[in-house]
Amino acid sequence: MIIETKSLVKRYKKVKATKLFHKEYRDFVALQNINFQLKQGEHLGLVGLNGSGKSTLIKLILGILQPSSGSVRTFDMDPLTNRQKNAQKIGVVFGQRSQLRWDLPAMDTFKLNREIYQVPEEIFAKRVKNLAEMLDATDFLLQPVRTLSLGQRMKAEFIAALIHDPDLIILDEPTIGLDVLSKNSITQFLQKLTNKTIIFTSHDLDEVEKVCSRTLILSHGQLVLDKSSKELAKLDVPSTVTFTSKNSLSEAITAKWPTINRLENGSYQLTGIMQEELKSTLSMITASVEVDSIEVKNNKLEYLLGHLTKQEVC
Amino acid sequence: MKYRLMLVKIGIKKGLASKYALLFWLFSILISTTVQYFLWKAVLIGKPNREFQETISYLVLMQILTVLFPKTSYELNDKVRSGDIAIDLLKPLSISTQLLWEGIGYSLVKFAIIGVVDMLIFFWFLDFKIAFSTILMVLVTAILGYFLYFELELVLGTFSFYTYSIWGITTFKEAILLVLAGNAFPANFYPSLLKKIAQYLPFQYSYGAIGTLAQHPAWNLFIKIVVIQLIYIVAFNLLFKLLFKHSANATVIQGG
Ligand SMILES: Nc1ncnc2c1ncn2[C@@H]1O[C@H](COP(=O)(O)OP(=O)(O)OP(=O)(O)O)[C@@H](O)[C@H]1O
Ligand SMILES: [Mg+2]
């Protein structure tokens with residue numbers, strides 16, 4: 001077992017009120033009774049809204065935060081007391097932090113990591129070359145980090161975190177602020193790392209489904225879902241169909257769906273279409289109006305969060 | 001091992017990246033040295049020239065040390081406040097090791113840009129009359145003083161975990177340095193009580209004691225200073241480890 005938590009709880013002290021000379025605090029439960037296990041080779045997606053406790057869970061796993069109660073074990077050890085030992089086997093990318101030295105080329109940080117993690121010279125050269133090719137990052141590793149774009153910096157950040165070939169890769173919102181192309185090249189890259197154990201946090205369930213074999217959803221510090229991505233993909237979540245048309249809607253359509261919505265920008269929207277009706281719905285629309293464009297979307301995370309917290313599924 | 005060398009290199013590169021800032025620092029030091037020169041010339045009027053020479057060279061030496069010693073407490077404070085300390089904590093290397101060797105690299109650049117000029121001034125004020133043994137003694141105690149100062153800065157920086165801003169604490173430190181470390185003027189100008197107190201303060205062994213040794217070199221004084229420096233280094237190193245262990249576990253890494 002790479003990671004195992006048992007009834008893990010983390011409480012923070014939160015400021016309730018600020019008086020002139022002292023502050024009043026209240027206990028805030030950031031993580032409540034978290035139980036899960038992570039096996040070698042799993043790609044785990046950790047999803048939740050802002051403030052749901054994702055980063056807190058990651059800090060506990062990494063041993064840079066102490067649990068309030070319950071236990072967490074990383075590589076079968078207490079992460080807090082074995083932090084430096086475990087570090088040899090873990091690679092971390094925090095989307096909002098940087099380990100690269102601002103004034104120096106990314107390559108200098110790679111070289112520093114080579115020495116810190118004691119990677120032999122030839123292996124190092126090979127790995128940098130490989131990683132840089134996979135991430136399409138060959139042409140900016142020698143320029144000072146402060147001159148890099150956000151996406152370029154994130155790619156360099158990935159290389160720095162993976163130079164010692166860690167078994168466990170922890171990524172806390174690594175795609176924050178990246179454009180679609182960069183996001184895709186990073187998700188494709190992560191998909192290739194099948195022999196590594198990965199924890200990937202994001203607000204974006206679609207992205208997580210691409211990278212991960214299993215997904216956890218956190219909501220207000222509680223684990224509300226723990227499913228494989230296959231099961232998750234099968235989950236029937238109602239979709240939203242949006243289409244535009246120059247013509248006005250035929251009666252057949254408005255009769256069938258009285259709830260059809262006209263949006264501000266002139267397009268039409270149908271919500272709450274379940275999987276099995278989707279096909280017939282689409283053919284019905286395309287048959288009865290002249291459609292300029294049509295789009296099907298489902299916001300799984302929103303839906304799941306709304307339903308899971310009510311039902312307390314897991 | 002080799003990672004230390006790499007950290008030193010990174011420190012050097014970082015220093016070189018801010019070489020213009022260091023040049024400006026050099027100019028401001030030259031100006032303040034000139035002011036001090038005339039100030040002490042006036043203060044010590046009617047005294048033998050030897051005393052003036054000793055005093056002014058002492059002050060220049062203190063200035064060299066001030067420039068070269070690391071500002072680790074601020075670095076640690078920044079890291080704690082921003083939460084970037086998480087990154088350093090997740091390396092298989094202690095944070096003090098990272099800060100020490102990178103700081104040495106940076107200090108080497110400061111030495112090359114500011115220290116060399118300052119040192120020429122120092123020798124010049126002494127008419128280039130200084131025994132080789134004295135240079136050796138000062139060099140050894142200055143290096144130990146560096147380590148001692150580094151440990152003190154680490155301990156101060158650790159308070160960031162509790163207060164998040166160590167501005168108050170470092171201001172207090174600056175005041176102690178100014179008055180009791182022999183940083184601003186030599187200890188023999190102190191009232192005797194203050195002199196007694198100063199003698200036992202750890203900062204004294206990063207500054208004043210080294211200056212005194214340069215003024216009145218003697219092997220037995222040298223050995224006494226080195227022994228006290230070593231004791232303090234070990235003591236503060238233990239104190240830092242204790243404090244840091246407690247604070248990094250009991251407190252919270254910010255941000256995320
Ligand atoms: N140092 C702290 N002191 C008090 N409360 C904290 C502290 N750190 C986090 N919290 C609170 O704990 C909760 C969980 O925070 P956490 O950073 O784990 O969220 P997150 O899921 O990573 O959110 P995001 O997606 O925005 O990064 C939040 O409500 C936050 O306000
Ligand atoms: Mg977060």
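1. A short note on the overall build of chain B
A count of helices and strands for chain B gives 12 helices and 0 strands. Seen in sequence order, chain B has helices and strands lined up from the N terminus as α-α-α-α-α-α-α-α-α-α-α-α. Computed over the C-alpha atoms, the radius of gyration of chain B is 19 Å, within 12% of the 18 Å expected from 2.2 N^0.38 for a compact globule of 256 residues. Counting only C-alpha atoms, chain B reaches 65 × 40 × 35 Å along its principal axes. A fraction of 81% describes how many contacts in chain B between residues 6 or more apart in sequence connect residues 24 or more apart. Accessible surface, chain B: about 12200 Å² in total, of which carbon and sulfur atoms supply 74%.

2. Here we look at the overall build of chain A
Helix and strand counts for chain A stand at 11 helices and 13 strands. With the C-alpha coordinates aligned to their principal axes, the bounding extent of chain A is approximately 70 × 50 × 45 Å. Counting across all 314 residues of chain A, residues that qualify as buried make up 50%. When contacts within chain A are restricted to residue pairs at least 6 apart in sequence, long-range pairs at least 24 apart make up 71% of them. For chain A, the accessible area works out to roughly 15400 Å², and carbon and sulfur atoms hold 50% of it. Across chain A, the 41 positively charged side chains and the 36 negatively charged ones have centroids separated by 6 Å.

3. Examining the interface of chain A and chain B
With 32 residues of chain A at the contact, the number on the chain B side is 29 residues. In total, chain A and chain B occlude about 2800 Å² of area from one another, counting both sides; carbon and sulfur atoms represent 60% of this. Taken together, the links from chain A to chain B amount to 4 salt bridges. A salt bridge links Arg 97 of chain A to Asp 84 of chain B; its shortest N-O distance comes to 3.3 Å. Across the chain A-chain B interface, the total number found is 7 residue pairs in polar contact (both at pLDDT 80 or more). The biggest single contributor to the side of chain A that touches chain B is helix 3 (residues 106-116) of chain A, with 7 residues. Residue composition of the side of chain A that touches chain B, by class: 12 nonpolar, 9 polar and 11 charged.

4. Overview of helix 1 (residues 54-62) of chain A
Counting buried positions along helix 1 of chain A yields 9 of 9 residues, so the element is predominantly enclosed. Listed as buried for helix 1 of chain A are Lys 54, Ser 55, Thr 56, Leu 57, Ile 58, Lys 59, Leu 60, Ile 61 and Leu 62 of chain A.

5. Digging into the domain arrangement of chain A
The assigned domain composition of chain A is domain 1 (3-234) and domain 2 (239-298). Distance between the C-alpha centres of domain 1 of chain A and domain 2 of chain A: 40 Å.

6. As for the nonpolar core
Of all hydrophobic cores here, the largest spans 96 residues; its most connected members are Phe 36, Leu 57, Leu 62 and Ile 199 of chain A. For Leu 57 of chain A, the residues in contact, after removing those within four places along its chain, are Leu 8, Leu 31, Ile 34, Phe 36, Leu 46 and Leu 218 of chain A. Membership of the second largest hydrophobic core comes to 55 residues, among which are Ala 161, Ile 169 and Leu 305 of chain A together with Ile 10 of chain B.

7. Focus on the site of ligand 1
Neighbouring ligand 1 are 17 residues; Asn 50, Gly 51, Lys 54, Ser 55 and Thr 56 of chain A lie closest to it. With respect to ligand 1, the chains having nearby residues are chains A and B. Between ligand 1 and the protein, one listed contact pairs an oxygen atom with a backbone N or O atom of Gly 51 of chain A at 2.8 Å. The side chain of Glu 173 of chain A places a nitrogen or oxygen atom 3.0 Å from an oxygen atom of ligand 1. Relative to its unbound accessible area of 630 Å², ligand 1 is 77% covered by the protein chains.

8. Quick look at the pattern of salt bridges
Enumeration over the complete set of coordinates arrives at 22 salt bridges over all chains. Notably, a salt bridge pairs Arg 114 of chain A with Glu 121 of chain A, separated by 3.1 Å at the nearest N-O pair. Residue classification places Arg 114 of chain A among the buried residues on the basis of a relative accessible area of 7%. In this structure, Lys 14 of chain B and Glu 102 of chain B form a salt bridge, with 2.5 Å as the shortest nitrogen-oxygen distance. Of this pair, Lys 14 of chain B sits in helix 1 (residues 2-17) while Glu 102 of chain B sits in helix 6 (residues 95-125); the two residues are 88 residues apart in sequence, bridging distant segments of the chain.

9. Focus: the sheet that holds strand 10 (residues 239-245) of chain A
Residue and element names in this part refer to chain A. Read from one edge of the open sheet, 4 strands run 11-12-10-13, paired in antiparallel fashion. Strand pairing shows two members of the sheet lacking a second neighbour, strand 11 (261-262) and strand 13 (291-297), which therefore form its edges. Pairing geometry for strand 10 and strand 13, over 6 bridges, is antiparallel. The residue bridging Thr 244 from the neighbouring strand is Ser 293, located in strand 13. Docked against the sheet, helix 10 (residues 275-288) engages strand 10, strand 12 (268-273) and strand 13, running at close to 160° with respect to strand 12.

10. Re the pairing of strand 10 of chain A
All names here are of chain A. Most of strand 10 is tucked away: 5 of the 7 residues are buried. Pairing of strand 10 with strand 12 involves 4 bridges; the strand directions are antiparallel. Pairing of Val 241 across the sheet is with Leu 270, part of strand 12.

11. A closer look at the side chain of Thr 201 of chain A
Residue and element names in this part refer to chain A. Relative to the helices and strands, Thr 201 is located in strand 7 (residues 197-202). In this structure the side chain of Thr 201 is engaged in a polar contact, spanning 2.8 Å, whose partner is the side chain of Asp 172. Aside from chain neighbours lying at most four places away, what touches Thr 201 is Leu 46, Lys 54, Ile 58, Leu 171, Asp 172, Glu 173 and Pro 174.

12. Side note on the sheet that holds strand 2 (residues 23-38) of chain A
All names here are of chain A. What the 3 strands build is an open sheet, ordered 2-1-4; its pairing is antiparallel. The sheet terminates laterally at strand 2 and strand 4 (69-74), the two strands that pair on one side only. Taking each pair of neighbouring strands and ignoring which way they run, the sheet shows an average axis angle of 35°. Contacts between helix 1 and the sheet are confined to strand 1 (3-18), strand 2 and strand 4, with strand 2 contributing the most and set at about 70° to the helix.

Rules used in this analysis
- Residues numbered from 1 in each chain as written.
- Chains lettered and ligands numbered in written order.
- Predicted model: local features only at pLDDT ≥ 70, side-chain atom pairs only at ≥ 80, totals over all residues.
- Heavy atoms only, no water.
- Helix = DSSP H or I, 4+ residues; strand = E, 2+ residues; numbered from the N terminus.
- Rg over C-alpha atoms; globule rule 2.2 N^0.38 Å.
- Contact = heavy atoms within 4.5 Å.
- Areas by Shrake-Rupley, 256 points an atom, 1.4 Å probe, with all protein chains shown as cover.
- Buried < 20%, exposed > 50% of the residue type's maximum accessible area, 1.4 Å probe, protein only.
- Lys, Arg positive; Asp, Glu negative; His and termini not counted.
- Charge placed at Lys NZ, Arg CZ, Asp CG, Glu CD.
- Buried area = accessible area lost by both parts, 1.4 Å probe.
- Salt bridge = Lys/Arg side-chain N within 4 Å of Asp/Glu carboxyl O.
- Polar contact = N/O pair within 3.5 Å; in protein donor to acceptor, adjacent residues only side chain to side chain.
- Nonpolar A, V, L, I, M, F, W, Y, C, P; charged D, E, K, R; others polar.
- Domains from an automatic or database assignment.
- Core = buried A, V, L, I, M, F, W, Y, C linked by side-chain atoms within 4.5 Å.
- Near = heavy atom within 4 Å.
- Pairing = 2+ DSSP bridges.
- Axes fitted to C-alpha atoms, helices over the stretch in contact; angles between N-to-C directions.

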